[in-house]
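Take a look at the letters that make up each chain.
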Amino acid sequence: MYVNVMENIFLLVLVTLMSAVQNAFFAQKVEKECKTHNAKTAAFERVYCATRNCMDAYPTFIAVMWCAGICLSQAPAAFAGLMYLVARQKYFVGYMGQTSQSTPGYLFGKRILSFLFLMSFVGVVNHLLAHYFATDYKDYIQTITKAASALLLLP
Amino acid sequence: MYVNVMENIFLLVLVTLMSAVQNAFFAQKVEKECKTHNAKTAAFERVYCATRNCMDAYPTFIAVMWCAGICLSQAPAAFAGLMYLVARQKYFVGYMGQTSQSTPGYLFGKRILSFLFLMSFVGVVNHLLAHYFATDYKDYIQTITKAASALLLLP
Amino acid sequence: MYVNVMENIFLLVLVTLMSAVQNAFFAQKVEKECKTHNAKTAAFERVYCATRNCMDAYPTFIAVMWCAGICLSQAPAAFAGLMYLVARQKYFVGYMGQTSQSTPGYLFGKRILSFLFLMSFVGVVNHLLAHYFATDYKDYIQTITKAASALLLLP
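Position numbers for residues count from 1 along each chain, tracking the sequence in the order it is written. All chains are assigned letters beginning with A, and all ligands numbers beginning with 1, in the order in which they are written. Where local features are concerned, this predicted model is filtered to residues with pLDDT of at least 70; where side-chain atom pairs are given and counted, the filter is 80 or more; whole-chain, interface and lining totals use all residues. Heavy atoms throughout the structure, all of them, feed into the side-chain values; hydrogens and water do not.

A. Representation of the overall build of chain A. Helix and strand labels come from DSSP, where a helix needs a run of H or I of at least four residues and a strand needs a run of E of at least two; each type is numbered from the N terminus. The number of helices and strands found in chain A is five helices and zero strands. Reading the secondary structure of chain A in the N-to-C direction produces α-α-α-α-α. Taking all 155 residues of chain A together, 48% fall into the buried category. Here a residue-residue contact requires only that any non-hydrogen atoms of the pair lie within 4.5 Å. Counting only contacts in chain A whose residues sit at least 6 apart along the sequence, the fraction spanning at least 24 positions is 78%. The Shrake-Rupley method, run with a 1.4 Å probe, gives the accessible areas here. Residue values count only the displayed protein chains as cover. Carbon and sulfur atoms provide 68% of the accessible area of chain A, an area that totals close to 7,500 Å². Burial here depends on accessible area, computed with a 1.4 Å probe over protein chains only, as a share of the maximum for the residue type. Under 20% is buried, over 50% is exposed, and the range in between is partly exposed.

Shown next, in the form of structure tokens:
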């Protein structure tokens, strides 16, 4: 059973590990800013807020990515997860570089999360169809998903 | 293996997806409030604080629900998860509607989380009993759990 | 399949449950402080901040621990998770007892998280080696990991 399970999740594990590294990078930034300036400066506020917004969406991202990967197909889910990490990095850097008047909002990566959400949903619906009506479109859906995941590369 | 796994988790996946939708709804509220009023108003504080309290408990909820669902029985865990989402929605709406003097506290859904916690714990204990003493009460426990989960409907 | 899966995760489930209890303990502290003193006192700020820092790292910890436990070996991962919970408790107590001038920083448990991260990474690399080159060092690695996990006990 062991190899079988690993086969189906190792890409997801890799993306999870990369997200953990990114989290550590964010935390390091906060830690550094915190130690350099004891006072609550605007720069500290900015870094802390950016990290907070990123961490707020993190559990949702992890949950949806794993659901999508397990319910439907591993490779597109891991790829979308990777794109999400890139979007998060961009958001974080953009947030820190902004003047204090204009911050780039609270949300980011909406398209990628929607894609992952849709994948999970289609996976569950397909499972129910296969179970109750014995009609399994899994292969078609996986092909479509792989093609669709390339669209996430569009800016 | 694939169908077998899906069989045991698809309800949990559905509840997880619903919780992701709810998180997105909360985030949308914060985003909207943030854009409408640039200044840090009391309304923004309220929404942000409600979202924060909800998101604080989210990883714990997801972890305990999946443990309960995998260790013991899927249907009652998913049902309890659903009740938790309802309680969270109520808490969020209640928090936003309050006057600033009286907020409904930091915690919510304590009973539901305790139930899920207990389910996981009983599941692990039962596994150990089955492993070391070869006495498997799983069927009895699952029946009791299903009946007990109905008690969560009590206000 | 059921018993087989449980066999490989029940220690991880136990540690997850313990972390949930600890989260509940932290939340209880915040709730109590919040109710006792309606005003935003320094003590409330301290407790709230300690809880926030602990909860910030929580999803990362859970994700990395489960990856390490599933990809490589259950017992050392659960042991490292246990050590992390002890470190977190120490951090929380230390944070609350500090004078407001010196707080113990934003991060904690770096060594333990690195250990879990490394375990996951080695597990995935070993899976790829076993898959493409048919060389499986899993047994050696598990023995080394078990020995290495004892090093986490060093202060």
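B. Inspection of the interface of chain A and chain B at higher detail. On the chain B side, the residues contacting the 26 residues of chain A number 25 residues. Buried area is calculated as the accessible area (1.4 Å probe) missing from two parts once they are joined, with the contributions of both summed. Between chain A and chain B the total buried area reaches about 2,200 Å² when both faces are included, carbon and sulfur atoms providing 75% of it. We define a salt bridge as a side-chain nitrogen of Lys or Arg found within 4 Å of a carboxyl oxygen belonging to Asp or Glu. Connecting chain A to chain B are one salt bridge. Across the pair Arg-52 of chain B and Asp-56 of chain A runs a salt bridge whose closest N-O atoms are separated by 3.2 Å. Here a polar contact is taken to be a pair of N or O atoms separated by no more than 3.5 Å, where protein atoms must pair a possible hydrogen donor with a possible acceptor and residues adjacent in sequence count only if both atoms sit in side chains. On the surface where chain A and chain B come into contact, there are two residue pairs in polar contact (both at pLDDT 80 or more). Mapped by element, the contributors of at least two residues to the side of chain A that touches chain B are α1 (2-36), α2 (42-71) and α4 (110-132) of chain A. Put simply, Ala, Val, Leu, Ile, Met, Phe, Trp, Tyr, Cys and Pro go in the nonpolar bin, Asp, Glu, Lys and Arg in the charged bin, and everything else, Gly too, in the polar bin. Here the side of chain A that touches chain B is composed, by residue class, of 14 nonpolar, eight polar and four charged.

C. Main features of the relation of the copies chain A and chain C. By a simple turn and slide, chain A fits onto chain C: the slide is 0.0 Å along the axis, the RMSD is 0.0 Å, and the turn is 120 degrees. The transformation relating the two chain copies, once decomposed into turn and shift, fits a three-fold axis. In terms of C-alpha distance to the rotation axis, chain A has Pro-59 of chain A as its closest residue, with the C-alpha 3.6 Å off the axis. When the interface residues of chain A are mapped onto chain C, a mere 8% of them again fall at the interface, so the copies present different faces. Residues below a pLDDT of 70 in either copy are left out; the C-alpha atoms of the rest, at least 70 in both, set the least-squares superposition of the copies.

D. Fine view of the relation of the copies chain A and chain B. For the match of chain A to chain B, the screw axis carries a shift of 0.0 Å, the RMSD comes to 0.0 Å, and the turn is 120 degrees. Little of the interface of chain A is mirrored in chain B: 8% of its interface residues are interface residues there too.

E. Spotlight on the environment of Leu-116 of chain B. All names here are of chain B. Positionally, Leu-116 belongs in helix α4 (residues 110-132). You can call Leu-116 buried: its relative accessible area is 0%. Residues Leu-116 and Trp-66, spaced 50 residues apart in sequence, show a C-alpha to C-alpha distance of 9.1 Å. Excluding residues within four positions of it along the chain, Leu-116 makes contact with Phe-61, Val-64, Met-65, Ala-68, Ala-77 and Ala-80.

F. Molecular detail of the interface of chain A and chain C. Contacts between chain A and chain C engage 25 residues on the former and 26 residues on the latter. Summing the contributions of chain A and of chain C, the shared interface buries around 2,200 Å²; its carbon and sulfur component is 75%. Inspection of the region where chain A meets chain C yields one salt bridge. At the boundary of chain A with chain C, the tally comes to two residue pairs in polar contact (both at pLDDT 80 or more). Secondary-structure elements contributing two or more residues to the side of chain A that touches chain C are α1 and α2 of chain A. Top element by residues in the side of chain A that touches chain C is α1 of chain A. It accounts for 17 residues. Class assignment for the residues of the side of chain A that touches chain C results in 18 nonpolar, four polar and three charged.

G. Broad picture of the packing of helix α2 (residues 42-71) of chain B against helix α3 (residues 74-97) of chain B. Residue and element names in this part refer to chain B. Each axis is a line fitted through C-alpha atoms, taken for helices only over the stretch in contact, and angles between the N-to-C directions span 0 to 180 degrees. One way to put it is that α2 packs onto α3 with a least axis distance of 11 Å and a crossing angle of 175 degrees. The orientation of α2 with respect to α3, classified from their angle, is roughly antiparallel. Across the contact of α2 with α3, the residue classes break down as 16 nonpolar, five polar and two charged. Our angle categories are set so that under 35 degrees counts as roughly parallel, over 145 as roughly antiparallel, 65 to 115 as roughly perpendicular, and the remainder as oblique.

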